[in-house]
Amino acid sequence: RLVTRPEAAESEVKGQKKEEKVKPKLDKQEVEVTQRMTVAALAQAMNRDCDHVYEALLNTDVDSDSLDPDSVLEEKWIKEVVTRSGMKFKWANLSDSIKRINRDAHRRPPADPSSLVPRPPVVTIMGHVDHGKTTLLDSLRKSQIVSTEAGGITQHIGAFLVQLPTGEKITFLDTPGHAAFSSMRARGASATDIVILVVAADDGVMNQTVESIQHAKRAKVPMIVAVNKCDKPQSDPERVKRELLAHDVVCEEFGGDVQSIHVSALKGDNLLALTEATVTLAEVLELKAEPGGLVEGLVIESRTDKGKGSVTTAIVQRGTLKRGCFLVAGNSWAKVRLLFDENGRAVTEAGPSCAVEVVGWKELPSAGEVILEVESEQRAREVTEWRSGEEEQQKLLEEQSIIMVKQEVHLQEYQRKRAELSHLSRRQRKLALYQEYKTNLSEKERKKDQDDRLGLTLIIKGDMDGSVEAILNLLDGYDAQQQCELDIVHFGIGDVSENDVKMAETFAGSIYAGGKSGVPLRLHTVIYKLVDELKDELSSRLPPLVSQNVIGEASVLAMFQVSVGKKKVAVAGCRVQKGQLDRRHKFRLIRGRDTVWEGCASALRHHKDDVQAVKTGMECGLSPDDDYADFRPGDVVVCFEDLNCPQVTSWNPGF
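Residues numbered from 1 in each chain as written. Predicted model: local features only at pLDDT ≥ 70, side-chain atom pairs only at ≥ 80, totals over all residues. Heavy atoms only, no water.

A closer look at the overall build of the protein chain
From N to C terminus, the protein chain includes 15 helices and 32 strands. The 655 residues of the protein chain split such that 41% are buried. Nonlocal contacts in the protein chain, meaning residues at least 24 apart in sequence, comprise 71% of its contacts between residues at least 6 apart. A total of about 37,300 Å² of accessible surface is found on the protein chain, and carbon and sulfur atoms cover 50% of it. (Helix = DSSP H or I, 4+ residues; strand = E, 2+ residues; numbered from the N terminus. Buried < 20%, exposed > 50% of the residue type's maximum accessible area, 1.4 Å probe, protein only. Contact = heavy atoms within 4.5 Å. Areas by Shrake-Rupley, 256 points an atom, 1.4 Å probe, with all protein chains shown as cover.)

Observations regarding the packing of aromatic side chains
This structure, assessed with the given rule, holds 5 aromatic pairs. For the ring pair Tyr478 and Trp651, a centre distance of 5.4 Å and an interplane angle of 70° mean the geometry is edge-to-face. Residue Tyr478 is found in the loop between helix H13 (465–476) and strand S21 (485–493), and its partner Trp651 is found in the segment after strand S32 (636–645); the two are separated by 173 residues along the sequence. As far as burial versus exposure is concerned, Tyr478 and Trp651 are alike and both buried. Centroid distance Trp597 to Phe631: 6.2 Å. Interplanar angle 70°. Geometry classified as edge-to-face. With Trp597 in strand S27 (residues 594–599) and Phe631 in the loop between strand S31 (619–624) and S32, the pair connects residues that are 34 residues apart, well separated along the chain. (Phe/Tyr/Trp six-rings, centres within 6.5 Å; stacked < 30°, edge-to-face > 60°.)

Side note on the pattern of salt bridges
For the structure shown, the criterion picks out 33 salt bridges. Taking the shortest distance from any N to any O, the salt bridge between Glu537 and Arg541 comes out at 3.5 Å. With a gap of 4 residues between them, Glu537 and Arg541 both fall in helix H15 (residues 527–541), about one helical turn apart. Several salt bridges share partner residues, and in doing so they unite Arg107, Arg108, Glu290, Glu296 and Arg318 into one network. (Salt bridge = Lys/Arg side-chain N within 4 Å of Asp/Glu carboxyl O.)

Some points on a positive patch on the surface
A cluster of like positive charges, contributed by Arg418, Arg426, Arg427, Arg429 and Lys430, occupies part of the molecular surface. Exposure remark for Arg426: the relative accessible area of 61% places this residue in the exposed category. (Patch = residues over 30% accessible without salt bridge, like charges linked within 9 Å, V, L, I, M, F, W, Y side chains within 5 Å. Lys, Arg positive; Asp, Glu negative; His and termini not counted. Charge placed at Lys NZ, Arg CZ, Asp CG, Glu CD.)

A word on the pairing of S21
Remember that side chains alternate between the two faces of the sheet whenever the strand is regular. In the sheet, strand S20 (residues 455–462) pairs with S21 via 8 bridges, with the strands oriented parallel. Bridge pairing links Leu458 to Ile488 in S21. You can see the chain leave S20, run along H13 and come back into S21, and the turn it takes is right-handed. (Pairing = 2+ DSSP bridges. Right-handed = clockwise from strand over helix to strand, strands pointing away.)

A look at H13
Along its 12 residues, H13 runs 16 Å from first to last C-alpha, staying within 8% of the 16 Å computed at 1.5 Å per residue. Among the 12 residues of H13, 9 are classified as buried, and the element is accordingly described as predominantly covered. (Expected span 1.5 Å × (residues − 1).)

With respect to the nonpolar core
With 25 residues, the main nonpolar core has Ile125, Leu136, Phe172, Ile196, Ile224 and Leu274 as its most contacted residues. Those elements that provide at least two residues to this core are strand S4 (122–127), helix H5 (133–141), strand S5 (158–163), strand S6 (169–174), strand S7 (194–200), strand S8 (223–228) and helix H10 (271–285). With 6 residues, H10 is the largest single contributor of residues to this core. Ignoring anything within four residues of it in the chain, the contact list for Ile224 reads Ile194, Val195, Ile196, Leu197, Gln259, Ile261, Leu274, Ala277, Thr278 and Leu281. (Core = buried A, V, L, I, M, F, W, Y, C linked by side-chain atoms within 4.5 Å.)

Quick notes on the environment of His262
The residue His262 is located in strand S9 (residues 259–262) in this model. As a C-alpha pair, His262 and Val227 span 35 residues in sequence and 4.8 Å in three-dimensional space. Setting aside anything within four residues of it in sequence, one finds His262 in contact with Val227, Cys230, Pro237, Glu238, Lys241, Asp269 and Asn270. Polar contacts involving the side chain of His262 include one to the side chain of Lys241, which spans 2.9 Å. (Polar contact = N/O pair within 3.5 Å; in protein donor to acceptor, adjacent residues only side chain to side chain.)

Re the environment of Glu253
Inspection of the secondary structure puts Glu253 in the loop between helix H9 (237–245) and S9. A distance of 2.8 Å separates polar atoms of two side chains, one belonging to Glu253 and the other to Lys241.

Observations regarding the confidence of the model for the protein chain
Averaged over every residue, the pLDDT of the protein chain is 82; the share at 70 or more is 86%. When the elements of the protein chain are averaged for pLDDT, helix H6 (residues 145–148) gives the smallest value, 41, and strand S14 (residues 326–329) the largest, 96. This model gives residues 177–181 a pLDDT under 50, and the stretch forms 25 contacts once residues within four places in sequence are excluded. Segment residues 515–520: pLDDT under 50, and 9 contacts once partners within four positions in sequence are set aside and those in other chains are kept. (pLDDT = per-residue confidence, 0-100.)

As for the side chain of Gln647
Mapped onto the secondary structure, Gln647 falls in the segment after S32. Sequence-distant contacts of Gln647, that is, excluding residues within four places in its chain, are made with Gln483, Ser539, Leu542, Pro543, Pro544 and Leu545.

Regarding the pairing of S31
Along S31, 5 of the 6 residues are buried, which leaves the element largely enclosed by surrounding structure. Examined bridge by bridge, strand S25 (residues 567–582) and S31 share 4 bridges and lie antiparallel to one another. Pairing of Gly573 across the sheet is with Gly621, part of S31. Pairing between strand S28 (residues 601–606) and S31: 4 bridges, direction antiparallel. Across the sheet, Ala603 pairs through a bridge with Ser623, a residue of S31.

A closer look at a nonpolar patch on the surface
A contiguous nonpolar surface patch, about 440 Å² in accessible area, is contributed by Leu431, Tyr434, Tyr437 and Leu441. Summarising the element assignment, Leu431 is placed in helix H12 (residues 426–451).

Some details on H9
Listing the buried residues of H9 in full gives Pro237, Val240, Lys241 and Leu244. Projected down its long axis, H9 carries its buried residues within an arc of 95°, all on one side. Taken together, the buried residues of H9 touch S7, helix H8 (207–218), S8 and S9. (Arc of directions from axis to C-beta.)

This is how it looks when you write it as structure tokens:
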């Protein structure tokens, strides 16, 4: 008879139960993530709702109450949410991502020649600063623009429509001649049909003259030379034409095809001849455009207006711009609320070659952006969202490329170190790695000391996009970082706001604003005055340069010791050869060509009297304050003072 023990039976039953409880290991759900994911995007990738993401971020440094579905999460919190949800993450392969349908807007195909009508020429006035461009335009349209321009220097592209007595119309663009506005001149050249190059007869070809010629040639735009200031006694128009030959601008007098007109913008002399030459050249070019269909144009300038909001100055290149139509430019779109001409009068429409101010932009587009009309608000939003998405995708690709390069460099460095230490024992490797760690630590400390150098933090604000662009271009050329670090933490268009002031306080920075504003914070209406003040502030941040001024020299005759209490003190017996020795200043002991001691004197005596100074020809005893005792006959004692001279920044913006 079999007798089973109850303990064995019980263990068998338990074993069966244990076997029954063992379940196959489940694979974790894999979540495809990207950088800068929103809460909603992460929830969708995990097949959860947004509340799940908020709950996963409880008891972390993230304030979950401040999050909403559109909040962008940092990389570590994206990983944290996935891990806490019992899932595993993998980075999305951007190259394998689903291609989106192209929703961009594009220029229309070339128009049917039968639908084209003549249009006014767009003429850009270019040249060197202060050669009379604005005065020339002022004379052409009989208004006082010069008096409103800060310092007589044009800081924005002015666009004006001029109707001549004969009935012809010309749209003029006035570009700044100042060195800071190169990009604005290039933009003017690309939007124009004809360039009038203004050169002062008394000044000749200058830097911005040459640059204007280069812009016109790159844009393949024909030129007319206006030799200005011919009314001045020292004017020499023929010299101007000869100088232009060096830049491949050959006037008709020298057998070329470039018209040259001698004018006086101030007195209005010969302006009719200049306009006739412009009209003649325009007729030769046979300028035409299609007045119907969707509008195409170019943003010449953009700014923020207190009453109007975001405003752009635009040139219409095709179609007729009307109130109520929908436009896109870059990543911004507009429903046109108002149109204004150059005199500030409201207009209902603007045809080809017209320059108008457009009001109604949701965000401010950058100058130089192409304007395209679309059918509806929905289409406008679609285009801008697609462009923003493409920009974001491009940024992600660039970031991923940088990360991959850094990872590769790190891996190569790691493998190299492993190879170098492979022949060592484990103990020797640990010692070598520890020494390397100490070296790296000291290197980091050294770099930190370098990073603590003097610096100036800036916030740049301007009344128009072109002004801010010009200032940023100037600061791009800042080359005195070794003296004072220059850091731009924010820039924008419009008046200085409370947020700008708070940001400046946070970074201990300065606010520089171009244009007019009611806040007294380094405001300038002329760019070179802004740069001058910036140079002064940079210089004020620099430590003074220390120079030494020699007050007197003495030769050491003997060295002896005297008792001061219980202490023996070394005294150098000297005779003053030049100037005087002054106890209040520093002393240097020179032996041959070497400086063997430098310090201060604890006592200076003439005979037995303590004195403040000893003059030429007198003998004295000098006791150093640090118990230095190695004075020898023939040594030279020099008395000197340190002078602090203000240091000036080496940055030279070119004007």
